[in-house]
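Observations on the three-dimensional arrangement
Okay, here's what each chain looks like letter by letter:
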Amino acid sequence: QKGTGTNGHKPEKTTVKDVRSLIPPLGLREYWYPAIEDKKVKNKPVGLKLLGDDIVFFRGKNGVAALWNVCPHRGGSLMHGDCHFEGTVSCPYHGWTYDEDGNVLAVLPEGPESKIPGKVKARKYPTVTLKGMVFIWMGDEEPAPLEEDVPPEFFDDYTTILFHTEYWASNWNVALENGIDAHVPYVHRDSVKQLINPMPGGGP
């Protein structure tokens, strides 16, 4: 209820908001996400779409780096470019070449006389590699401590981590509603599989 009511009127009632409207359509921004296995980023740039953002991964001088896939010059797709020089990615359109921090180091067709380096910067996404997995910070704020979002097994020196990648041609809400939320023990409670081998915590 809202308010205390005056002049003999009952307090105004408010309707509970549909919780689905609280879920960002493309995912939660201010978090670290597992993005790509380190071994899958070699001598060519690799592109992925995460939370609606097109991102290019390449080998920077300090490990796998990530930039927004859109070149700030004319919007070229960096994932279709090349890594001509160690620690860089070059746009396939006009040869603008970026380091792991998004700095323009060179405009290849213009040679050393180009005045562009130092004036333009591509958007960088912070990355950290743990046990062969590249984690990426998708937020606009300063990155949170990794330990807040990444399972503790990634920080010890004895757990072996195995990776499995599966692509669903759907919005992430479908995975949220059908995988993360525990609907199986209820919706499928009368299935043969559930009767033979009940899920833990499902109840009788």
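I will try to describe carefully the structure that is included in this document. (Residues numbered from 1 in each chain as written. Predicted model: local features only at pLDDT ≥ 70, side-chain atom pairs only at ≥ 80, totals over all residues. Heavy atoms only, no water.)

Remarks on the pairing of strand β2 (residues 46-50)
Sheet topology note: the β2/strand β3 (residues 53-60) ladder contains 5 bridges and is antiparallel. Following the sheet pairing, lysine 49 is matched in β3 by aspartate 54. Counting the residues that bridge the hairpin from β2 to β3 gives 2 residues, and of these leucine 51 lies at a positive phi of roughly 55°. (Pairing = 2+ DSSP bridges. Helix = DSSP H or I, 4+ residues; strand = E, 2+ residues; numbered from the N terminus.)

Details of the environment of isoleucine 36
By the secondary structure assignment, isoleucine 36 is in strand β1 (residues 32-37). On the basis of relative accessible area, isoleucine 36 is assigned to the buried category, the value being 8%. For the pair isoleucine 36 and methionine 133, spaced 97 residues apart in sequence, the C-alpha to C-alpha distance is 6.1 Å. When neighbours within four sequence positions are excluded, isoleucine 36 is seen to be in contact with Val41, Val46, Leu48, Phe57, Gly132, Met133 and Val134. (Buried < 20%, exposed > 50% of the residue type's maximum accessible area, 1.4 Å probe, protein only. Contact = heavy atoms within 4.5 Å.)

Description of the nonpolar core
Membership of the largest hydrophobic core comes to 14 residues, with the highest contact counts inside it found for Ile36, Leu50, Ile55, Phe57, Ile136 and Met138. Mapped by element, the contributors of at least two residues to this core are β1, β2, β3, β4 (63-68) and β10 (133-137). Beyond its immediate sequence surroundings of up to four residues, leucine 50 is in contact with Ala35, Ile55, Phe57, Ile136 and Met138. Membership of the second largest hydrophobic core comes to 13 residues, among which are Val56, Phe58, Leu78 and Val107. (Core = buried A, V, L, I, M, F, W, Y, C linked by side-chain atoms within 4.5 Å.)

What about the sheet that holds strand β5 (residues 89-90)?
Spatially, the 3 strands line up as an open sheet ordered β5-β6-β7, and their pairing is antiparallel. A strand with exactly one partner marks an edge of an open sheet, and here the two such strands are β5 and β7 (104-107). Alignment of strand β6 (residues 96-98) against β7, held across 3 bridges, turns out to be antiparallel. Across the sheet, tryptophan 96 pairs through a bridge with valine 107, a residue of β7.

Focus on the pattern of salt bridges
A complete count under the given rule lists 9 salt bridges for this structure. Across the pair arginine 29 and aspartate 53 runs a salt bridge, and its minimum N-O distance is 2.9 Å. Residue arginine 29 is located in the segment before β1, and its partner aspartate 53 is located in strand β3; the two are separated by 24 residues in the primary sequence. Arginine 29 sits in the partly exposed class, given a relative accessible area of 27%. Taking the relative accessible area as the measure of exposure, aspartate 53 reaches 12% and is therefore buried. When the shortest N-O distance is used, the salt bridge between lysine 124 and aspartate 101 registers 2.9 Å. You can see lysine 124 sitting in strand β8 (residues 124-125) and its partner aspartate 101 sitting in the loop between β6 and β7, a full 23 residues away along the chain. (Salt bridge = Lys/Arg side-chain N within 4 Å of Asp/Glu carboxyl O.)

A closer look at the environment of threonine 165
Note on placement: threonine 165 falls in the loop between β10 and α1 (172-180). In this structure, the C-alpha to C-alpha distance between threonine 165 and glutamate 37, residues 128 residues apart in sequence, is 9.6 Å.

Remarks on the pairing of β4
With 6 bridges joining them, β3 and β4 adopt antiparallel strand pairing. Bridging from a neighbouring strand, valine 56 pairs with leucine 67 of β4. Joining the antiparallel neighbours β3 and β4 is a turn of 2 residues. Bridge analysis of β4 against β8 gives 2 bridges, and the strand direction is antiparallel. Paired with alanine 66 across the bridge in β8 is tyrosine 125.

Considering the side chain of glutamate 37
Looking at the element boundaries, glutamate 37 is found in strand β1. Apart from residues lying up to four places away in sequence, glutamate 37 is in contact with Gly132, Met133, Val134 and Phe163.

Structural notes on the sheet that holds β4
Hydrogen bonds between backbone atoms are what pair the strands of a sheet, whose relative direction is either parallel or antiparallel. Here 4 strands make up an open sheet; going across it, the order is β2-β3-β4-β8 and the pairing antiparallel. Whereas interior strands pair on both sides, the edge strands pair on one side only; in this sheet they are β2 and β8.

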